[in-house]
Amino acid sequence: MANVVVVGAQWGDEGKGKIVDWLSERADVIARFQGGHNAGHTLVIGGEVFKLNALPSGVVRGGKLSVIGNGVVLDPWHLVKEIAAIREQGVEITPETLMVAENTPLILPFHGELDRAREAQNSVARIGTTGRGIGPCYEDKVGRRVIRVADLGDNDTLELRVDRALVHHNALRAGLGLDPINRDALLESLRAIAPEILQYAAPVWKAMNEARRAGKRILFEGAQGSLLDADFGTYPYVTSSNVIAGQAATGTGMGPGAIDFVLGIVKAYTTRVGEGPFPTELHDDDGQRLGERGREFGTVTGRKRRCGWFDAVLVRQTCAISGVNGIALTKLDVLDGFETLRICTGYEIDGETYDYLPTAAAVQAKVRPVYEEMPGWQESTAGARSWADLPAEAIKYVRRIEELIQCPVAMLSTSPERDDTILVTDPFED
Ligand code: IMP
């Protein structure tokens, strides 16, 4: 029985929601292993739209165990609201179907305030975050001053942990011109939310390893994209977690051998939200058209996404770093009707050719994409369910991508509808 990790192989928003939904129907356990409610996963099931941020996509399907792993940062108030909204849509969520790791760090209101205060400071500080406190919470985790789910269970511990966090945060807030944190009000709201969260708290590492031993199918659901990874992304314009496949093990308490298949989600062109380098970004009519046809607006912040041509250099790099076994190529239909398409096959930097993106920011700033042109197609690929439904030029485009990124296409998605998919390899059966 194979366990599958799904990771975004670009800057996020690759269309993971639909693919994860398709896979989660066939999985027994669905686990989030990094990120927080900065993610926005939209699922369309039977015409009904479900919007998820912190909850694993599996919650909308009955008979599954959904898991929030220790690698996630969790806003308890947001989780409670999200659960209520999903329940309104008729989905049952109980401690039998949702498990939250006891060692999951909590995002508190001052994390969001700090995130937004930093972003508002000046262009040097700005990353273009979602403003949801993700970065400050991860900082506190490694700074050994975060409050974790298990701390909610004992008042003395909770007070100690809060005091530890406040020593740091009040000093920081003074420097930023923010009022000190109201300790009593914070403790009161934490005590109030505690029972709501604790009912789901569990030793996730144990449950995951038991599930594996019992031969259950596990789906690890990644959020964001590999180019936003804190180590391998376009630092500092990244998110604050490791988003690549290796994190699936660390972020749930399993060994690396628990991962059998890594599915990279790849959009047929490129987008990014927020600041940071983007070698193939388009500022012309083509970019405008990709944004309009692809409806490229952020699900969390509503921000317009930056758009550009497919960058094979970056995807080859992220597929290698995550050990991607196969990709799910999404939104091919957005390219319908283009006369000519361009694919970035390499970079030129100071007259030299590179087959990867170097790390130094000064070098990255000089990157000039080298493009290969391919003829487009005028027919619609939307809704195609077999290779025979695709125009020859579209197939050539897909084959060229496979060649350049050195990784095969396992799935091809041709519309937001779950059945509009061409399946080449079933990751669970591979
Ligand atoms: P943060 O994760 O809110 O700290 O934001 C850091 C960077 O990651 C910003 O550029 C965000 O736009 C980006 N980001 C965070 N979450 C997502 C996501 O789910 N999709 C795409 N970009 C994201």
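Residues numbered from 1 in each chain as written. Predicted model: local features only at pLDDT ≥ 70, side-chain atom pairs only at ≥ 80, totals over all residues. Heavy atoms only, no water.

The protein chain has the name Adenylosuccinate synthetase in an unreviewed UniProt entry, where Paracoccus albicereus is given as its organism. The Pathway (unreviewed entry) comment attached to the protein chain in UniProt states, word for word, "Purine metabolism; AMP biosynthesis via de novo pathway; AMP from IMP: step 1/2." Database annotation for the protein chain, UniProt heading Catalytic activity (unreviewed entry): "IMP + L-aspartate + GTP = N(6)-(1,2-dicarboxyethyl)-AMP + GDP + phosphate + 2 H(+)". (UniProt positions renumbered as here; feature names shortened; annotations may be inferred.)

Engineer: How would you summarise the domain arrangement of the protein chain if you had to cite specific residues and measurements?
Structural biologist: If you check the domain split of the protein chain, you get domain 1 (4-102 + 204-258), domain 2 (109-197) and domain 3 (266-423). Computed over C-alpha atoms only, the centres of domain 1 and domain 3 are separated by 24 Å. At the interface, 29 residues of domain 1 touch 35 residues of domain 3. Taking both sides of the interface into account, the surface hidden between domain 1 and domain 3 amounts to around 2600 Å²; carbon and sulfur atoms contribute 62%. There are 3 salt bridges connecting domain 1 and domain 3. With a closest N to O distance of 3.1 Å, Arg418 and Glu25 form a salt bridge. In this assembly, domain 1 and domain 3 are joined by 16 residue pairs in polar contact (both at pLDDT 80 or more). At 4 residues, helix H1 (residues 16-24) tops the list of elements feeding residues into the side of domain 1 that touches domain 3. The residue inventory of the side of domain 1 that touches domain 3, partitioned by class, reads 13 nonpolar, 10 polar and 6 charged. (Domains from an automatic or database assignment. Contact = heavy atoms within 4.5 Å. Buried area = accessible area lost by both parts, 1.4 Å probe. Salt bridge = Lys/Arg side-chain N within 4 Å of Asp/Glu carboxyl O. Polar contact = N/O pair within 3.5 Å; in protein donor to acceptor, adjacent residues only side chain to side chain. Helix = DSSP H or I, 4+ residues; strand = E, 2+ residues; numbered from the N terminus. Nonpolar A, V, L, I, M, F, W, Y, C, P; charged D, E, K, R; others polar.)

Engineer: Can you tell me about the UniProt feature "binding site: substrate" (unreviewed entry) in the protein chain, naming the residues and giving the values?
Structural biologist: Look at the UniProt record and you will see "binding site: substrate" (unreviewed entry) annotated at Thr299, Val300, Thr301, Gly302, Arg303, Lys304 and Arg305. Of note, Thr299 is situated in the loop between helix H9 (285-293) and strand S11 (306-308). With a relative accessible area of 41%, Thr299 lands in the partly exposed category. Excluding residues that lie within four positions of it along the chain, Thr299 makes contacts with Gly40, Thr42 and Arg305. Locating Thr301 in the fold gives a position in the loop between H9 and S11. Here Thr301 falls in the partly exposed class, since its relative accessible area comes to 32%. (Buried < 20%, exposed > 50% of the residue type's maximum accessible area, 1.4 Å probe, protein only.)

Engineer: Help me get a handle on the sheet that holds strand S9 (residues 261-267), residues and values and all.
Structural biologist: Strand pairs in the sheet, formed through backbone hydrogen bonds, run parallel or antiparallel to each other. Read across the open sheet, the 10 strands follow the order S7-S6-S5-S2-S8-S1-S9-S13-S17-S18; overall the sheet is mixed. Unpaired on one side and paired on the other, strand S7 (201-202) and strand S18 (421-423) mark the two borders of the sheet. Relative to strand S8 (residues 218-221), strand S2 (residues 29-32) runs parallel, the two sharing 4 bridges. Paired with Ala31 across the bridge in S8 is Phe220. (Pairing = 2+ DSSP bridges.)

Engineer: Give a detailed account of the packing of helix H2 (residues 76-88) against helix H6 (residues 183-198), specifying residues and quantitative values.
Structural biologist: Running from N to C, H2 and H6 point in directions that differ by 45°, and their axes come no closer than 10 Å. The angle between the axes of H2 and H6 places the two elements in the oblique class. Where H2 crosses over H6, the handedness of that crossing is left-handed. Contacts from Pro76, Trp77, Leu79 and Val80 of H2 reach H6 at Ser189, Leu190, Ile193, Glu196 and Ile197. (Axes fitted to C-alpha atoms, helices over the stretch in contact; angles between N-to-C directions. Parallel < 35°, antiparallel > 145°, perpendicular 65-115°, else oblique. Left-handed = near helix turned anticlockwise from the far one by under 90°.)

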